[in-house]
Amino acid sequence: MGCGSCSTGGGCSPAGCKSNGSCLTNGCSKLDVYDWLSHMDMPVNYKPFPIVEIKFKGSRKEFFLNNDNIYLENGDLVVVEATTGGYDIGHVSITGELVRMQMTKRRVKEEDILKKIYRRATPADVDKWKAAKDMEWETMHSARKLALSLNLSMKLSDVDYQADKSKATFYYTAEGRVDFRELIKKMAESFRIRIEMRQIGMRQEASRLGGIGSCGRELCCSTWLTDFKTVSTSAARYQNLSLNTLKLAGQCGKLKCCLNYELDTYMDALKHIPDNVNYLKTLKGDARLQKTDIFKKQMWFSYPREESWIAVPLARVKEIQQMNRDGVLPDDLLVFVEVEKEPIKALDYENVVGQDSLTRLDERNRNNAKKKNKNRNKNKPNPNNPNGAPNNNQPKPANVSAPQNTSGQPKQQGPRPEGGNNNPNRNRNRPNRNRNKPNRPDGNSGSGGGDQPNQ
């Protein structure tokens, strides 16, 4: 997005233009104005307001007459009449009816405006204006060296050259009056230009230089704030802020302007807070005030030799104050009232959206996961099965119980017959190992359950 305050119209950086290193406003959004009347149609017989507001370097804005009815828009570079002769170049800030409102706000009359707009700035005017702006940095450093050589207790903060290089305005800050007549003589001899000295305050200096505040944003005085009001320490005291000058002071060395932003809200909230409440007398002891929450309307008290604080509403504080005036001491700061719990009533409405619970999908996913795990365990190969058959196809062995000996006599173990086993069911579930083997040369197949005697 282009910068309206830069001469080239290109992109800008927070410190100024990327193209030429200097920006009229020390940033692209310094004192910009939004024309909220631009989308409104004016009457047919409406005559444009003949006065235009022009902004210059820093926060300087002035009103000029547009007698030639030049069509101007916000951000246009124009050549205007200077105060002490010559001409200057500035940017159009406001046009139309907003200028009338701004003049009413500043209490400026139309009869008091005498300076006028000459023309739109030509390329030759812009080149000369850029050359004058390029001389400001070197001129300021030379002037600071001259002020140090004269041992003047002043600080030169900024220099503003006129577009025609006929005049230079030096802005300085000082605690008291400074005799700079000798300084003006030396600067006039060195720079060969008319010199004007202007003393400004600390806040005006910060607004001209710009910077980043402790909040992380650009300084209010360098972006939108134009009216500087006095800020006192009572503003911090009303807001319960610590009176630490390092935290309350801004870059200008004065108290921050933002301390006045919420002061009216705190003043309205403090109207309901009782005054002179240092302690409250009770039968348990004197409770001293520790903290006050203005917006929650609560005050914290603590008893001696106790570390815990007790939050007391303002209504209870006022009640105890009145009791102490009457010579009555309450039992405690708070009144504990037993509240009867009402039975929970059944809801008398019907779920018209659906009777399913919100966790129905979770239960369904959980059941599906269980089924998947069960099928996965069934399909695992059995290590005891050499053929690799799954568990679900493997027949379970029958639980055959051995015959019990009821005679009480010891079991006799006779010799095992040559052609078979004692237990006929022993090899019933044994896998057939010779199923796939070829027939023996003697004519016997390998599918027999036991060893056959040789014939």
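Above this text sits the structure in question.
Quick caveat, the model's predicted, so the values are computed rather than measured.

**Q** Help me understand the overall build of the protein in this model?
**A** Counting its secondary structure elements, the protein contains ten helices and 14 strands. Looking at the protein as a whole, 31% of its 455 residues qualify as buried. Once local pairs closer than 6 in sequence are excluded, the contacts in the protein between residues at least 24 apart make up 56%.

**Q** Where do I start with a nonpolar patch on the surface in this structure?
**A** Residues Y34, W36 and M101 make up a contiguous nonpolar surface patch of about 400 Å² in total accessible area. Looking at the element boundaries, M101 is found in helix α1 (residues 97-106).

**Q** I keep staring at the pairing of strand β9 (residues 167-173) and nothing clicks. Help me out?
**A** Strand residues, when the strand is regular, have side chains that alternate between the two faces of the sheet. With seven of seven residues buried, β9 is to be regarded as a mostly interior element. Hairpin connection between strand β8 (residues 155-161) and β9: a loop of five residues separates the two successive antiparallel strands, and K165 in this loop has a positive phi of roughly 60°. In the sheet, β9 pairs with strand β10 (residues 194-199) via six bridges, with the strands oriented parallel. For A168, the partnering residue across the bridge sits in β10 and is I195. Assessed by its sense of winding, the connection that carries the chain from β9 through helix α4 (residues 181-191) to β10 is right-handed.

**Q** Is there a simple way to explain the sheet that holds strand β11 (residues 279-282) in this structure?
**A** Sheet strands line up and pair through hydrogen bonds in the backbone, either parallel or antiparallel. With respect to topology, four strands assemble into an open sheet ordered β11-β12-β13-β14, the strand pairing being antiparallel. Lying at the two open borders of the sheet, with one neighbouring strand each, are β11 and β14 (310-313). Recorded for the sheet is a direction-independent mean angle of 40° between the axes of neighbouring strands. Of the strands in this sheet, β11, β13 (298-302) and β14 are in contact with helix α9 (residues 314-325), which crosses β14 at around 85°.

**Q** Explain the packing of aromatic side chains here, please?
**A** In this structure the tally under the stated criterion is five aromatic pairs. On the basis of an interplanar angle of 70° and a centroid distance of 6.1 Å, the ring pair of F56 and F64 is categorised as edge-to-face. We classify F56 as buried; its relative accessible area is 3%. Judged by centre distance (5.0 Å) and plane angle (70°), the rings of Y266 and F295 are edge-to-face.

**Q** Could you clarify how one ought to interpret the sheet that holds strand β3 (residues 51-55) in this entry?
**A** Reading across the sheet, the five strands line up as β4-β3-β6-β5-β7 and stay open at both edges, with antiparallel pairing between neighbours. In the strand order of this sheet, the two ends are held by β4 (61-65) and β7 (117-120), each with one partner. Averaged over all pairs of adjacent strands, the angle between their axes in this sheet comes to 45°, without regard to strand direction. Two elements, β3 and β4, share five bridges in a ladder whose sense is antiparallel. Bridge pairing in β4 places I54 opposite E62. In the packing of α1 onto the sheet, contacts are made with β3, β4 and β6 (87-94), and the angle to β3 comes to roughly 75°.

**Q** Explanation requested: the packing of helix α3 (residues 136-149) against α4 in the structure shown.
**A** A pair of packed helices is captured by two measures, namely the crossing angle of their axes and the spacing between those axes. With their axes 10 Å apart at the nearest point, α3 and α4 run at an angle of 140° to one another. The orientation of α3 relative to α4 falls into the category oblique. At the point where α3 passes α4, the crossing takes the right-handed sense. Where α3 abuts α4, its residues T139, S142, A143, L146 and A147 lie against L183, K186, M187 and F191.

**Q** What's the story with helix α8 (residues 263-270) in this structure? I'm lost.
**A** An α-helix turns once per 3.6 residues; consequently, residues spaced three or four apart project the same way. Listed in full, the buried residues belonging to α8 are L263, Y266 and A269. Along the axis of α8, the buried positions cluster into a sector of 125°, meaning they face one direction only. Of the surrounding elements, those touching the buried residues of α8 are α6 (233-238).

Rules used in this analysis
Residues numbered from 1 in each chain as written. Predicted model: local features only at pLDDT ≥ 70, side-chain atom pairs only at ≥ 80, totals over all residues. Heavy atoms only, no water. Helix = DSSP H or I, 4+ residues; strand = E, 2+ residues; numbered from the N terminus. Buried < 20%, exposed > 50% of the residue type's maximum accessible area, 1.4 Å probe, protein only. Contact = heavy atoms within 4.5 Å. Patch = residues over 30% accessible without salt bridge, like charges linked within 9 Å, V, L, I, M, F, W, Y side chains within 5 Å. Areas by Shrake-Rupley, 256 points an atom, 1.4 Å probe, with all protein chains shown as cover. Salt bridge = Lys/Arg side-chain N within 4 Å of Asp/Glu carboxyl O. Pairing = 2+ DSSP bridges. Right-handed = clockwise from strand over helix to strand, strands pointing away. Axes fitted to C-alpha atoms, helices over the stretch in contact; angles between N-to-C directions. Phe/Tyr/Trp six-rings, centres within 6.5 Å; stacked < 30°, edge-to-face > 60°. Parallel < 35°, antiparallel > 145°, perpendicular 65-115°, else oblique. Left-handed = near helix turned anticlockwise from the far one by under 90°. Arc of directions from axis to C-beta.

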